[in-house]
Number of protein chains: 6
Amino acid sequence: MKKVVTLGEIMLRLSAPNYQKIVQTQSFDAVYGGGEANVAISLAKFGLDSSFVTKVPDNAVGTSAIQQLNRFGVKTDHVIRGGERLGIYFFEKGFSIRASKVYYDRSYSSFAMSKREEYDFDAIFAGADWFHISGITPALSEELFFLTKKALAAAKEKGITTSCDLNYRSALWSFADARKKMTDLIKDVDVCIGIEPLQLLDSNGQDIKEQLPETPDLDDYKKIMLVMQRQFGTKYIAMTKRTHLSVNRNRLQALLFDGHEIYQSSDVEVDIIDRVGTGDAFSAGMIYSLINQFEPQTAVEFALGCFALKHTIEGDANLVPISDVEKFMQRSFAIDR
Amino acid sequence: MKKVVTLGEIMLRLSAPNYQKIVQTQSFDAVYGGGEANVAISLAKFGLDSSFVTKVPDNAVGTSAIQQLNRFGVKTDHVIRGGERLGIYFFEKGFSIRASKVYYDRSYSSFAMSKREEYDFDAIFAGADWFHISGITPALSEELFFLTKKALAAAKEKGITTSCDLNYRSALWSFADARKKMTDLIKDVDVCIGIEPLQLLDSNGQDIKEQLPETPDLDDYKKIMLVMQRQFGTKYIAMTKRTHLSVNRNRLQALLFDGHEIYQSSDVEVDIIDRVGTGDAFSAGMIYSLINQFEPQTAVEFALGCFALKHTIEGDANLVPISDVEKFMQRSFAIDR
Amino acid sequence: MKKVVTLGEIMLRLSAPNYQKIVQTQSFDAVYGGGEANVAISLAKFGLDSSFVTKVPDNAVGTSAIQQLNRFGVKTDHVIRGGERLGIYFFEKGFSIRASKVYYDRSYSSFAMSKREEYDFDAIFAGADWFHISGITPALSEELFFLTKKALAAAKEKGITTSCDLNYRSALWSFADARKKMTDLIKDVDVCIGIEPLQLLDSNGQDIKEQLPETPDLDDYKKIMLVMQRQFGTKYIAMTKRTHLSVNRNRLQALLFDGHEIYQSSDVEVDIIDRVGTGDAFSAGMIYSLINQFEPQTAVEFALGCFALKHTIEGDANLVPISDVEKFMQRSFAIDR
Amino acid sequence: MKKVVTLGEIMLRLSAPNYQKIVQTQSFDAVYGGGEANVAISLAKFGLDSSFVTKVPDNAVGTSAIQQLNRFGVKTDHVIRGGERLGIYFFEKGFSIRASKVYYDRSYSSFAMSKREEYDFDAIFAGADWFHISGITPALSEELFFLTKKALAAAKEKGITTSCDLNYRSALWSFADARKKMTDLIKDVDVCIGIEPLQLLDSNGQDIKEQLPETPDLDDYKKIMLVMQRQFGTKYIAMTKRTHLSVNRNRLQALLFDGHEIYQSSDVEVDIIDRVGTGDAFSAGMIYSLINQFEPQTAVEFALGCFALKHTIEGDANLVPISDVEKFMQRSFAIDR
Amino acid sequence: MKKVVTLGEIMLRLSAPNYQKIVQTQSFDAVYGGGEANVAISLAKFGLDSSFVTKVPDNAVGTSAIQQLNRFGVKTDHVIRGGERLGIYFFEKGFSIRASKVYYDRSYSSFAMSKREEYDFDAIFAGADWFHISGITPALSEELFFLTKKALAAAKEKGITTSCDLNYRSALWSFADARKKMTDLIKDVDVCIGIEPLQLLDSNGQDIKEQLPETPDLDDYKKIMLVMQRQFGTKYIAMTKRTHLSVNRNRLQALLFDGHEIYQSSDVEVDIIDRVGTGDAFSAGMIYSLINQFEPQTAVEFALGCFALKHTIEGDANLVPISDVEKFMQRSFAIDR
Amino acid sequence: MKKVVTLGEIMLRLSAPNYQKIVQTQSFDAVYGGGEANVAISLAKFGLDSSFVTKVPDNAVGTSAIQQLNRFGVKTDHVIRGGERLGIYFFEKGFSIRASKVYYDRSYSSFAMSKREEYDFDAIFAGADWFHISGITPALSEELFFLTKKALAAAKEKGITTSCDLNYRSALWSFADARKKMTDLIKDVDVCIGIEPLQLLDSNGQDIKEQLPETPDLDDYKKIMLVMQRQFGTKYIAMTKRTHLSVNRNRLQALLFDGHEIYQSSDVEVDIIDRVGTGDAFSAGMIYSLINQFEPQTAVEFALGCFALKHTIEGDANLVPISDVEKFMQRSFAIDR
């Protein structure tokens, strides 16, 4: 069984239930989530040996976060306990024409204030085949940027495949800062996921994505992917495309560049139960596909399935087993008795 | 007031609430349902004298099943108490592109293990005008196949109109077995409902439904209905047509063959709250129409309304009164103050 | 800060949760609402000085109604305590093809049985810029018709702008009675909202709305608005247009006549969480626009936004802040982090 | 199987859940209850043929009340549909040192405004062995006082045993009025239940209960019971004794006078889940005991068990089967596996 | 109507429902509370003009805190909006022998990081009769100690009566630091509440409370109260006494020193629904008593009632009206219909 | 870290919430529990390396059972997937004087129908220090009796300490059968827990427990424990004593015989949230004490703490950490902030 390690922040998510606004609610639904934790859970549900690394406070809230990871099969042997608090985000789920809102209360968290020397990558990476991280972790602090850099370097040195989801959080850092630091980090990344908005600079210091026309076609995407391949040695580049028909109805598609060709999935319209973590579900689907050496077209369809199905799962993480993805890939909509 | 008797299994349905997967939930919504019980409830809500016959354990779970029937107006004077357990099914409601799942835990139930001699059809059928059963009951055991046979024969002998919903559960028996036994049973059925998948053999031992082209038109349907009429003496044949636009959006239509002509309802697209029991709601609508001698076109529109409205009702049974069906038949969508 | 006063009935609304029918539920969600109260809450959420006047019983139920108004920022200094009961309405929320139902239990309420002399309009209107009322209040009793008349007259005398939502409740009075009395009241109304169904007579005693063709265009609407302007001195006339695609999906649009021209908003399709109070949200949006002297086209778009967004808010009142309306006006559907 | 008929009002009870005050809650738990309805349900759970007579509105709320009766086995064939509304009471459950509160909103109910000629006692009493009513019904209106009188007279005439719970509601009538009218009614009552506060006058026009000393002993009770026997021909008199250790802990005991001797039950301390309807549970226990000709000491212990157990059942009605009462009578507190 | 101002922190409290441990729950009940906010709400429910001053973030969570204050009648005109976050505390309610736990996550809150110059005491104290604060606020930061000092000085200068609850939070500061700073602040306090643990030094620099014997009697208390009177000019000193019979059953009593005599209330045993905020309820009861010039013995009984009743109210704040306190003072435990 | 292995059945427990009777509820709270699984969870919460062995069906219900074990830290590497169903039990929680009820629906479960050869004890016991089982497993089938025997023998052979909880389920086997088979099994048990009702025969074929007087004192207990020591080589014998003050209030005590002396704990009265699994919590406390070589008196107090605290935890398993037990051992009842 292949072993995947992910590293990042896990937060307590507090959601107003039943599409209430926060100003209406007298209770919050509680789940624990974060980009890399979500990937870890999805991969564990797919049957991989999945391990998540972070730092959480040594109290009942921190324990609850670890418990949720364990519940869904993720190993947490290298989670550090300590610090002041678990980051929180409040989630007001939108509907129809009313957009969803996230209020972050993640400053000063145990993870955000952790130090790179707390992480022992020899132990963390023992036996690992794959390491995944996202663009959120280096955005949390200068220290965590260096932690990310150190983790990617350690992984590369040990011959572990690395992947990074380039998701950008404007609340955490400026676009310019993101672009500069992600360009630095990307060199140690084998598989690059989620390039829109792309925070990378080419060798001329130009934003690579600005080379895309307004409505890019496959060739346009391939062109900038070749730039990334050439400049950073990126082996695979995968991305999703989303059209907002409404807040709770989106059209989805996925692309995969395998270093040679660009593959495009079928598209699908989904009604949405929970939009959060869908990109992470896509990452997990892509990692699973590549670690199992699926054909590129199968890989992109499988990852689209993960991406799409997560929209129907409450909470941050994609809890579907492989069989659900396969059923989706057959577009099977009848009751499965 | 016309009296209808139905006979079959009633199960405890345990559903993960709020579209959760079963692996997420910490509670289950509980209702009690089963094909023939659902028909009985719907007919009671329409004001008929409706009676349901089954066997349930003599404990609080069995009592709860009976109570639900009573709550919605069904008479349960002939329900037998005893045996080991009430059958259960776990229901994971799907959404959008994620299919619903049913996990059956119905083996060894009081009903499945009951004996035909426990049922006194003279008492059960006293004063009855109509008897309804489904293709699920004969699938539960060899004994219950003979119970079904005995019940239909007794009804016919007493001049009671009989109807049967041909629904097929692959978890319970093979298609070949189903086809053979249903072909045997159908001879005592006046009104045949739900012929897809059709489990009947013609006089040449050929599957009747295989005579349908891939995309049958009305004439094609009429042709096989005439075969059924000729071979089994079936008086009315009714069926629904469903197109899955998505898991929670279907297009619906209904057909009725009255022995002479085939009538087609208007079609309607529905958003779905609960897909289970919609066929039973259709059966009830058709029984109500025929028992009240509606014109065929009215009957098929009324039954379509029952069928469609059930998709908006949580639980197994169609709890709408006649007035709701009438409002639907006028396509009245504004608030009814 | 502009001060708005509204006067009317506030009721306890008891809704069966989760789209259950009332015959299914074992609990009711409880909110307090009513046309003018809903307008007051929405305006308070927009930051205006908003005051609501009514009479509620001097018990915990009456206190709860007041508390909800206070919670969302509405002043209740002039609410009278006393009488027998708070009006109630039971709400069965429909879905897809099943219409919503309202069962009123509002007779004998403290407000419905209150006397005009209980209301001190000198105190109530102190410092007020705007007074809003609806066609429901005068329908509750002959006495309350005179109260409405007195209130409008007092407001006019004090130079306060007056608005009236012409909504018609067939459960409360006959169309003929409504038409006669509303025609009497309208003379003191500056801003007339919601003219369909129009309960007004022209100077020839003809129903003004009957002058509209079956599918009126903008010019047709303008024509009857000019009649109203001429006959009653109405300064602004605003209305909404709704098409029922299904019970929980409607297409919406709005019109505003500013005494010179008629302005039409863009249209929008909404999926619906709660249909009740959407007209009140529109009234509030229009009052806010006019009190802030928005350009007519901006006003009609802003009010459409209020109208549309309310469809996504559970409960009677529109709890969105200005920023939500602005986000809608940009058709921004992505998560707002 | 013995048949019991009860007649009275059934109301919608709306309770703030989880010991919240009404001013805190955003939902209400809903059950349907009333003195005589509660007796009917308890007797149906004990296996008697139990029938309840009332009038409820012809809407979903009235239907829900009937459904609850049917769910627990009560026959409702003689319930009249019509009128304006179902009576409501709001219930704020107290705890420890905070008393429970009931806010009645029962005026103008279908039952309270019903006419005696709507009730056909020949049909209602067909096959009945016992008729039960309470002191609440005659308090609702002058008309209903006459209805009670008529019902008791009809029952007596048909040789049906009659019982009456003398409970007194100060919100409905004055003590003097109650005393006068109950003294009139009591003459047709065989079994008198719940004599504290006693609303009866002796032949000298003196309040019978005033003849009790402040802390009466058994002989004191016997003395006034003999007065009642002599004056009104009462055959059995049963009553409960309650000491409030706190709002949710009471000490309970019961007495039964069988026309000769007075029997006293053991006493028991109970922690309380729901205090409402405990007297009705006692009435049902006593009716069941007497209809089955239990020995007086067994009867008073059985009825105490019903009385005590109801304190542990949420809702108005005592849902325990006979086996629960028997287990209590053995003071069996261990888990029953 | 007397006007009371309180100043302090309001936090979001997240409680695991139904006595679950935090590691069990999938949702949190949400209320907003804090010592001085709780006092303000209780006083508003008693009918006083009650105003609360704090700083909360300008987002939906901050708005929700304000809304809760408004809902229960507290004025929030002087609440400052801004800063990073609302303080949070997680609450795990204990039961029987399992103690309740509080996990604070209150660092870096908008209030804790606010500056004294943000508060305009001329505006805040306009028309005020009473100012209340607690020992928590000066513990939050050096800056807030000075804010407290400034507020008390301003109040004294304006002739406003001041009260302070000396509650001590060991999580926020050391006992030595608390003692030193509270001794400094107490000089401007007229009414001192909750002296155990007492954080005050006498003129010799000795801890005043150490002068109490292990099991102090009334005279012992009076002795140290006289020390406080002499040294700090304290006019009234009130305190509660609590014995833990178990986690959810306590025995309660109260004392009041009026500058001359010490008054002791009756004692009462309570079963507990929510232990949090009971001291604040006591403070509110005492402030209400003194502002209304109750006799000392009445005052201490009234305040005991507030203290005791709060144990039966879910949430931080005491939501009982005066009538509930009066009912308690009569030890009335029967249902109040 | 010490490693403990337990083996047995885990069931889905379906509880009617809020002390409802099963006939009242429309939902069930769902947890997964069973004697040995509960022990495993408690030990994992205490920080031991805890592993549970069973067989569960390969569907979402079986997965959910495993997930709950993982969530609370239990390893499930040796859980077998397959068979037909997960055993279920319905739980109706009693209160005050109403006893709790359990309705088993556990026949035909995957575990009950598993075969001894499916279990590989070399793998299961690798690295284990302790093996625990209960008297329920051998009661499920003849095959599982042999499985138990084989497991105990294998553990003994590998030098692993063995413990057995002698709990007896009358629903599963006769007392005579239990006594005979448990006497056979006990020979391989080092630590015997829960000897009442004792199902063991002495060397004369006499029931050992019958040698106890009706109200045994410590010496009486010691006497029979010496018999067990002599006959079976039992090293430690631990037991609990429970007095039912009511259904939800019990007095608890514990005894431990260490082969030399008998030690008695203090006693404690507890109010009960959930009575199920308290014996398992005691077993876990005793195993933890002995594996950590606590002094006997400390061991019996620690195990009493586990036993008592479990009564306050909802669900089958004791979720308290060590710190909660220590707090209890200090009888600390105040809020822990």
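Residues numbered from 1 in each chain as written. Chains lettered and ligands numbered in written order. Predicted model: local features only at pLDDT ≥ 70, side-chain atom pairs only at ≥ 80, totals over all residues. Heavy atoms only, no water.

As recorded by an unreviewed UniProt entry, chain A carries the name Sugar kinase and is attributed to Niallia oryzisoli. You can read under Sequence similarities (unreviewed entry) in the UniProt record for chain A the words "Belongs to the carbohydrate kinase PfkB family." (UniProt positions renumbered as here; feature names shortened; annotations may be inferred.)

A. Structural context of the overall build of chain A. From N to C terminus, chain A includes 10 helices and 15 strands. Expected size for 337 residues packed as a compact globule is a radius of gyration near 20 Å; at 19 Å, chain A falls within 12% of this value. C-alpha atoms of chain A, sized along the principal axes, occupy 50 × 50 × 40 Å. Relative to its full complement of 337 residues, chain A shows a buried share of 67%. Per element, the accessible surface of chain A, about 10,900 Å² overall, is 45% carbon and sulfur. (Helix = DSSP H or I, 4+ residues; strand = E, 2+ residues; numbered from the N terminus. Rg over C-alpha atoms; globule rule 2.2 N^0.38 Å. Buried < 20%, exposed > 50% of the residue type's maximum accessible area, 1.4 Å probe, protein only. Areas by Shrake-Rupley, 256 points an atom, 1.4 Å probe, with all protein chains shown as cover.)

B. Main features of the domain arrangement of chain A. Residues and elements named next belong to chain A. Its domain assignment divides chain A into domain 1 (1–111) and domain 2 (235–337). Inter-centroid distance (C-alpha atoms) of domain 1 to domain 2 is 21 Å. Opposite the 27 residues of domain 1 that make contact, domain 2 presents 27 residues. Both sides together, the interface formed by domain 1 and domain 2 hides about 2,000 Å², and carbon and sulfur atoms give 64% of it. Where domain 1 packs against domain 2, one counts four salt bridges. Breaking the side of domain 1 that touches domain 2 down by element, the ones donating at least two residues are β3 (27–33), α1 (35–45) and β7 (88–92). Counting residues per element, the side of domain 1 that touches domain 2 draws most heavily on α1, at seven residues. Here the side of domain 1 that touches domain 2 is composed, by residue class, of 14 nonpolar, eight polar and five charged. (Domains from an automatic or database assignment. Contact = heavy atoms within 4.5 Å. Buried area = accessible area lost by both parts, 1.4 Å probe. Salt bridge = Lys/Arg side-chain N within 4 Å of Asp/Glu carboxyl O. Nonpolar A, V, L, I, M, F, W, Y, C, P; charged D, E, K, R; others polar.)

C. Expanded view of the confidence of the model for chain A. The predicted model of chain A has a mean per-residue pLDDT of 96, with 99% of residues at 70 or higher. This prediction of the complex comes with two scores: 0.97 for pTM and 0.95 for ipTM. (pLDDT = per-residue confidence, 0-100.)

D. Seen up close, the relation of the copies chain A and chain C. The operation relating chain A to chain C is a screw motion whose rotation component is 120°, with 0.0 Å of axial translation and a residual RMSD of 0.0 Å. Taken together, the turn and the small shift mark the pair as related by a three-fold rotation axis. Judged by C-alpha distance, Asn18 of chain A is the residue of chain A that lies nearest the rotation axis, at 5.3 Å. (Least-squares fit on C-alpha atoms with pLDDT ≥ 70 in both.)

E. Region of the structure containing the sheet that holds strand β3 (residues 27–33) of chain D. Spatial ordering of the open sheet is given by β8(C)-β7(C)-β2(C)-β3(C)-β3(D)-β2(D)-β7(D)-β8(D), a layout of eight strands whose pairing is mixed. Either end of the sheet is taken by a strand with one partner, and the two such strands are β8 (101–105) of chain C together with β8 (101–105) of chain D. Averaged over neighbouring strand pairs, the angle between their axes works out to 30° when direction is ignored. Here five bridges tie strand β2 (residues 11–15) of chain C to strand β3 (residues 27–33) of chain C, and the two strands are oriented antiparallel to one another. Counterpart to Met11 of chain C in the pairing with β3 of chain C is Gly33 of chain C. (Pairing = 2+ DSSP bridges. Axes fitted to C-alpha atoms, helices over the stretch in contact; angles between N-to-C directions.)

F. Here's a closer look at the packing of aromatic side chains. Residue and element names in this part refer to chain A. Taken as a whole and judged by the stated rule, the model has 87 aromatic pairs over all chains. Put simply, the rings of Phe46, Tyr288, Phe294 and Phe302 pair up and form one aromatic cluster. Seen from the ring of Phe145, Lys181 lies directly overhead, with NZ or CZ sitting 5.3 Å from the centre. (Phe/Tyr/Trp six-rings, centres within 6.5 Å; stacked < 30°, edge-to-face > 60°. Lys NZ or Arg CZ within 6 Å of the ring centre and 35° of its normal.)

G. Structural view of the pattern of salt bridges. Evaluated as defined, the whole model comprises 156 salt bridges over all chains. Here Asp324 of chain D makes a salt bridge to Lys101 of chain F, at a shortest N to O gap of 2.3 Å. Of the two residues, Asp324 of chain D sits in helix α10 (residues 322–329) while Lys101 of chain F sits in strand β8 (residues 101–105), which places them in two different chains. Residue Asp324 of chain D shares its accessibility class with Lys101 of chain F, and that shared class is buried.

H. Region of the structure containing the UniProt feature "domain: Carbohydrate kinase PfkB" (unreviewed entry) in chain A. Residues and elements named next belong to chain A. As annotated in UniProt, the feature "domain: Carbohydrate kinase PfkB" (unreviewed entry) corresponds to residues 1–193 and 254–315 in the numbering used here. The annotated region residues 1–193 carries 30% helix and 25% strand content, and the separation between its end C-alpha atoms amounts to 23 Å. For the annotated span residues 254–315, helix accounts for 47% and strand for 18% of the residues, and the straight-line distance between the end C-alpha atoms is 22 Å.

I. Summary view of helix α5 (residues 142–157) of chain E. Residue and element names in this part refer to chain E. Over its 16 residues, α5 extends 23 Å from the first C-alpha to the last, a length consistent with the 22 Å expected when each residue adds 1.5 Å. Every buried residue of α5 is accounted for by Glu143, Leu144, Phe145, Leu147, Thr148, Ala151, Leu152, Ala154 and Ala155. Contacts made by the buried residues of α5 are with β1 (3–7), α3 (121–124), β9 (130–134), α4 (137–140), β10 (161–165) and α6 (175–185). Following α5 by one or two positions, Gly159 adopts a phi angle in the positive range, close to 75°. (Expected span 1.5 Å × (residues − 1).)

J. Local environment of the pairing of strand β8 (residues 101–105) of chain A. Residue and element names in this part refer to chain A. Along β8, four of the five residues are buried, which leaves the element largely enclosed by surrounding structure. As paired strands, β7 and β8 are joined by five bridges and run antiparallel to one another. Paired with Phe90 across the two strands is Tyr103, which belongs to β8.

K. Representation of the interface of chain D and chain C within the structure. Taken together, the contact pairs 26 residues of chain D with 26 residues of chain C. It is Val23, Phe28 and Tyr108 of chain D that lose the most area in chain D upon contact with chain C, and together they represent 23% of the buried surface on that side. Among the salt bridges present, the one from Asp105 of chain C reaches Arg85 of chain D, with a minimum N-O distance of 2.6 Å. Of all the secondary structure elements, the ones that give two or more residues to the side of chain D that touches chain C are β2 (11–15), β3, α2 (60–71), β7 (88–92) and β8 of chain D. Tallying contributions element by element places α2 of chain D first for the side of chain D that touches chain C, with six residues. Here the side of chain D that touches chain C is composed, by residue class, of 14 nonpolar, seven polar and five charged. Where β3 of chain C meets β3 of chain D, three bridges bridge the pair, whose relative direction is antiparallel. Within β3 of chain D, the residue paired with Ser27 of chain C across the bridge is Asp29 of chain D.

L. Local environment of the interface of chain A and chain C. Tallying the contact residues gives 23 residues for chain A and 27 residues for chain C. Together chain A and chain C conceal approximately 2,200 Å² of surface at their shared face, both sides included; 60% is due to carbon and sulfur atoms. Across the chain A-chain C interface, the total number found is two salt bridges. Inspection of the chain A/chain C interface yields 10 residue pairs in polar contact (both at pLDDT 80 or more). Among the secondary structure elements, those contributing two or more residues to the side of chain A that touches chain C are β8 and β12 (236–246) of chain A. Looking at the side of chain A that touches chain C residue by residue, the class counts come to 10 nonpolar, eight polar and five charged. (Polar contact = N/O pair within 3.5 Å; in protein donor to acceptor, adjacent residues only side chain to side chain.)

M. Representation of helix α8 (residues 278–291) of chain A. If you check α8 of chain A, its first and last C-alpha atoms are 20 Å apart, about what 14 residues at 1.5 Å a residue would give, namely 20 Å. At the C-terminal side of α8 of chain A, Gln293 of chain A shows a positive phi close to 50°.

N. Structural view of the relation of the copies chain D and chain C. Between the two copies, chain D and chain C, the superposition gives an RMSD of 0.0 Å; the rotation angle is 180° and the shift along the axis is 0.0 Å. Within this description, the copies of the chain are treated as partners about a two-fold rotation axis. The C-alpha atom lying nearest the rotation axis in chain D is that of Phe28 of chain D; the distance is 2.6 Å. Here 100% of the contact residues of chain D are again contact residues in chain C; the copies associate through an equivalent surface.

O. Structural detail: the environment of Leu304 of chain A. Residue and element names in this part refer to chain A. Looking at where Leu304 falls in the secondary structure, it is placed in helix α9 (residues 296–310). As a C-alpha pair, Leu304 and Ala153 span 151 residues in sequence and 30 Å in three-dimensional space. Apart from the residues within four sequence positions on either side, Leu304 is in contact with Leu252, Gln253, Ala254, Ser265, Ser266, Val268, Phe282 and Arg331.

P. Summary view of the side chain of Ser51 of chain D. Following the sequence through the fold, Ser51 of chain D ends up in strand β4 (residues 49–53). When neighbours within four sequence positions are excluded, Ser51 of chain D is seen to be in contact with Lys3, Val4, Val5, Thr6, Val74 and Lys75 of chain D.

Q. Region of interest: the packing of helix α1 (residues 35–45) of chain D against helix α8 (residues 278–291) of chain D. Residue and element names in this part refer to chain D. Running from amino to carboxyl end, α1 crosses α8 at an angle of 50°, the nearest separation of the two axes being 8 Å. Between α1 and α8, the interaxial angle falls into the category oblique. The chirality of how α1 crosses α8 is right-handed. Contacts from Gly35, Asn38, Val39, Ser42 and Leu43 in α1 reach Asp280, Ser283, Ala284, Ile287 and Tyr288 in α8. Here the residues of the contact of α1 with α8 sort into five nonpolar, four polar and one charged. (Parallel < 35°, antiparallel > 145°, perpendicular 65-115°, else oblique. Left-handed = near helix turned anticlockwise from the far one by under 90°.)

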